Amino acid sequence: MDLEGSRIQDDPHVKVMMAGSTLRKVKSRSWKKQRHFRLLEDGMTIWYKSRWAGRGHSTFSITEVEAVREGHQSEVLLSIAEEFPADLCFTLVFHGRQGNLDLVAESTEEAQAWIQGVRKLIHKTQTMDEKERWVWDWFNKADKNKDGKMNFKEVRKLLKMMNVEMNEEHALHLFTMADKSESGSLEIEQFVHFYKMLTQRDEVWKVFQDFSGDGEKLMLEELENFLRTEQQEGEQSAQHAQELTDRYEPSESAKKQGAMTFDGFQMYLCSQEGSIFKPEHRQLHQDMSQPLSHYFISSSHNTYLLENQLRGHSSLEAYIKALKRGCRCVEVDCWDGSDGEPVVYHGHTLTSKILFKDVISTLKEYAFKVSKEKPLVHFQGILFSVLKVSDFPVILSLENHCSVEQQTVMAQHLSQILGDTLLTTLVDGLIPQQLPSPQELKGKILLKAKKIGGLEVCLDETLTDEVSDEEEMANGECSDDPPKSKLSRELSDLVVYCKSVHFHGFEHARLHGKCYEMSSFSESKAKKLAKEADFVQYNTKQMSRIYPSGLRTDSSNYNPQEMWNVGCQIVALNFQTAGLEMDLNDGLFRQNGCCGYVLKPDFMRDGSTQFSPEKPDGKQGYKPLRLSIQVMSGQQLPKVNQKEGSIVDPLVRVEIYGVPQDQAREETSHINNNGFNPVWNETLNFVIHTPELALVRFVVEDYDKASRNDFMGQFTLPFTCLQAGYRHIHLLSRDGTAIPPSSLFVNISISELT
């Protein structure tokens, strides 16, 4: 694709977008307002404003849009379906936690122009490589008068926009070198040359020079030497050297010589294979045939909420977002509805209500099927957003506050809507001594709820028992609502391997606990239990679900690492709240094909384990490791303050999360006024006592001596997924979405502690 975007502006649908349209922006049944939308000349930015407002307007980039849904494919558009026909309606779905944009066109033709036009533009951004997209993007940002050329004044402004402080003399020198025609302005091809000089990587060049005999290319044996000594690849280095040359070397003549040029070397280091994350660990690679209790399971708390716990909006979209983020255990809070239809919301609060049957229909639609909303792929195939839907089972955690009558209605909806997807019988017809595996339960939804009796016996039709599972209410006291309520036989019969029970202590569980019995613990109760060594052993056979304190009305999260340290499988977090805790969750579940299941270390699967996170040196085969991270440089870090002229002072902090002895953080000094290509060359050292449980988080911040540093980007991954050697870390936003081409360049060394 050429840098002019294959003249996508000539496409008839895109022409309609560039000419502009009046579309209704819809937020609710009562909020439907006309806005003027148009695609700007850069072919990447959509601009819109009220027809009546003065100068105020909004913009967003096509790169922020994940997909377009046609027709009444959102809750908001469904609510106005009688007023506006489906062929006028469409929804723009954004990456991360950003809300949808629901729009209604004035004609079918106009709706189709925007639907097809946006889809084509999304496809264009997916097929451009990151360099092309960014060169084109910067050129358009700098070309203020849109004449297809850029004078030196525009270049100076561009440098500020790009987060780089450069003296005028050096900038003019680069400009003059790029201005081959001596016209005093740069056209796109000359701008590419200017950009290349600007982004020249001296630190990568130095590594290349260290291994190149003639300083111009790496012969196969030289590349093999680099892979063996620096990248610690061992015996496979020779074969890999050939593969990398075939894959990344752009020069055909160099390939024929069996050589790699500097351009090819840099492309390799910026690729998935050159990233910090082991490529083989991104794929589904773990044994999926072990009992469910042997896995950490990505889990969401009060999944229906998009905001806080008191006044937030309950939404089906929240379930879709959680499932697409890799979640495999969702929560449904059920209450009696006024017309006999159970509703889902956070009881005794002002959160809005949605129908239980609509939640179940959404699960049916999104739990397993790979949605049409295809993921964006950046940097030679690195998938940043977790959008691939897993085949492994989804656990539906039912928080049941309904009357027997409406429980029966729930049972009918579950059976009728989910059909064979709902697991209602034993996998092999036998009473289990251990839970079935994710492999055996592929494509199934499991109901976690109270059950009348066990799998062994059938008791009376009804049973007096507490229906509610979570003990903590907003005031922090233990309470159930209703305190003594009856269970519906129909609903009870749908529970097989996830029977909710009250916890009566580890000794009781050891003597009487069944593998299919499962308890829920508030974070405070779980923290107390975590001090007992028995928790790890208990979690080898039975599953534990941990949920945030009822006092977290702002939907904040607790640190999940403490719970993983004792083998708790279902550590439920508020997925709607970005921050450290969700970074850790995303980091842990980024491995194993993002399938939502991660196999626990072997010392957490052995029923006779004596492992304690407080005493890691007591573990059999205890081998602490030394982790050394040389933070070399940063590339095109994001601006924190969009004000013209503001430039960041970045620092890098590396944080280790794991058993208490492993918790640590070290940071570099800050670099003044350079977010474009800062160089640190500082080494941070750590000792890791339990590598199997450790997560490593890289954070970039804008240093501020007067107040708290501003967050710029982060990337979190399991210690076991680290690749040694010279590696790039492709940074993610606070929301967990990609921010290409922002990256860090590091040199990782892992060795045994002697």
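The rules behind each value
Residues numbered from 1 in each chain as written. Predicted model: local features only at pLDDT ≥ 70, side-chain atom pairs only at ≥ 80, totals over all residues. Heavy atoms only, no water. Helix = DSSP H or I, 4+ residues; strand = E, 2+ residues; numbered from the N terminus. Buried < 20%, exposed > 50% of the residue type's maximum accessible area, 1.4 Å probe, protein only. Contact = heavy atoms within 4.5 Å. Areas by Shrake-Rupley, 256 points an atom, 1.4 Å probe, with all protein chains shown as cover. Pairing = 2+ DSSP bridges. Axes fitted to C-alpha atoms, helices over the stretch in contact; angles between N-to-C directions. Expected span 1.5 Å × (residues − 1). UniProt positions renumbered as here; feature names shortened; annotations may be inferred. Phe/Tyr/Trp six-rings, centres within 6.5 Å; stacked < 30°, edge-to-face > 60°. Lys NZ or Arg CZ within 6 Å of the ring centre and 35° of its normal. Polar contact = N/O pair within 3.5 Å; in protein donor to acceptor, adjacent residues only side chain to side chain.

Okay, the overall build of the chain next. When helices and strands are counted, the chain shows 22 helices and 32 strands. Classification of the 754 residues of the chain by burial places 58% in the buried group. Taking the contacts inside the chain whose residues are at least 6 apart along the sequence as the reference set, 68% of them involve residues at least 24 apart. Accessible surface, the chain: about 31400 Å² in total, of which carbon and sulfur atoms supply 48%.

Bringing the sheet that holds strand β2 (residues 32-39) into the picture now. Sheet strands pair via backbone hydrogen bonds, and the direction of the pair is either parallel or antiparallel. The seven strands lie next to each other as β4-β3-β2-β1-β7-β6-β5, forming an open sheet whose pairing is antiparallel. The sheet is open, and its two borders are formed by β4 (58-61) and β5 (65-70), each paired with just one other strand. Ignoring strand direction, the axes of neighbouring strands in this sheet form an average angle of 30 degrees. With five bridges connecting them, β2 and strand β3 (residues 45-50) associate as antiparallel partners. Paired with R38 across the bridge in β3 is W47.

Bringing unusual backbone geometry into the picture now. The omega torsion across P740 and P741 is 0 degrees, close enough to zero to call that bond cis. Among the structural elements, P741 can be located in strand β32 (residues 738-752). In this structure, Q636 is a non-glycine residue whose phi angle is positive, near 45 degrees. Among the structural elements, Q636 can be located in the loop between β25 (625-635) and β26 (650-657). Positioned with a positive phi, N673 is a non-glycine residue whose angle comes to about 50 degrees. Along the chain, N673 falls in the loop between β27 (664-667) and β28 (679-688).

Turning next to helix α16 (residues 404-418). Owing to its 3.6 residues per turn, the α-helix brings residues three or four apart onto one side. Over its 15 residues, α16 extends 21 Å from the first C-alpha to the last, a length consistent with the 21 Å expected when each residue adds 1.5 Å. The set of residues buried in α16 consists of Q406, Q407, T408, V409, M410, A411, H413, L414 and L418. The positive-phi residue at the C-terminal boundary of α16 is G419, with phi of around 55 degrees.

For the rest of this paragraph, the subject is the UniProt feature "domain: EF-hand" (unreviewed entry) in the chain. Within the UniProt annotation, "domain: EF-hand" (unreviewed entry) is assigned to residues 130-165 and 166-201. A helix fraction of 61% and a strand fraction of 6% characterise residues 166-201, whose end C-alpha atoms lie 16 Å from each other.

The next thing to look at is the packing of aromatic side chains. Across all of its chains, the model carries 29 aromatic pairs by this definition. For the ring pair F392 and Y597, a centre distance of 6.1 Å and an interplane angle of 65 degrees mean the geometry is edge-to-face. Of the two residues, F392 is situated in the loop between α15 (356-366) and β16 (394-400) and Y597 in strand β24 (residues 597-599); the sequence distance between them amounts to 205 residues. Looking at F392, the relative accessible area reads 2%, which means it is buried. Looking at Y597, the relative accessible area reads 0%, which means it is buried. Joined through ring pairs, the aromatic side chains of W205, F208, F211, F226, Y248, F262, F265, Y268, Y726 and F745 make up one cluster. Across the ring face of W47, the terminal group of R38 is positioned such that the distance to the ring centre comes to 4.9 Å. The side chain of R201 reaches across the aromatic face of F745, ending 5.2 Å from its centre.

To continue, consider the UniProt feature "binding site: Ca(2+) 5" (unreviewed entry) in the chain. With numbering matched to this structure, UniProt assigns "binding site: Ca(2+) 5" (unreviewed entry) to D702, Y703 and D704. Among the secondary structure elements, Y703 is positioned in the loop between β29 (695-702) and β30 (710-718). Taking relative accessible area as the criterion, Y703 reaches 31% and is therefore assigned partly exposed. Setting aside residues up to four positions removed in sequence, Y703 forms contacts with D649, L651, H670 and N709. Residue placement: D704 occurs in the loop between β29 and β30. In this structure D704 comes out as partly exposed when scored by relative accessible area, which is 29%.

A word on the side chain of H413. Tracing the backbone through its elements, the reader meets H413 in helix α16. By relative accessible area, which is 12% here, H413 ends up buried. Within the structure, the side chain of H413 is placed 2.9 Å from the side chain of E341, a separation counted as a polar contact.

With that out of the way, let us pick up the environment of R489. When you line up the elements, R489 lands in helix α17 (residues 489-492). Of the residues examined, R489 reaches a relative accessible area of 14% and is grouped as buried. Through-space distance from the C-alpha of R489 to that of T408 is 7.9 Å; in sequence the pair is 81 residues apart.

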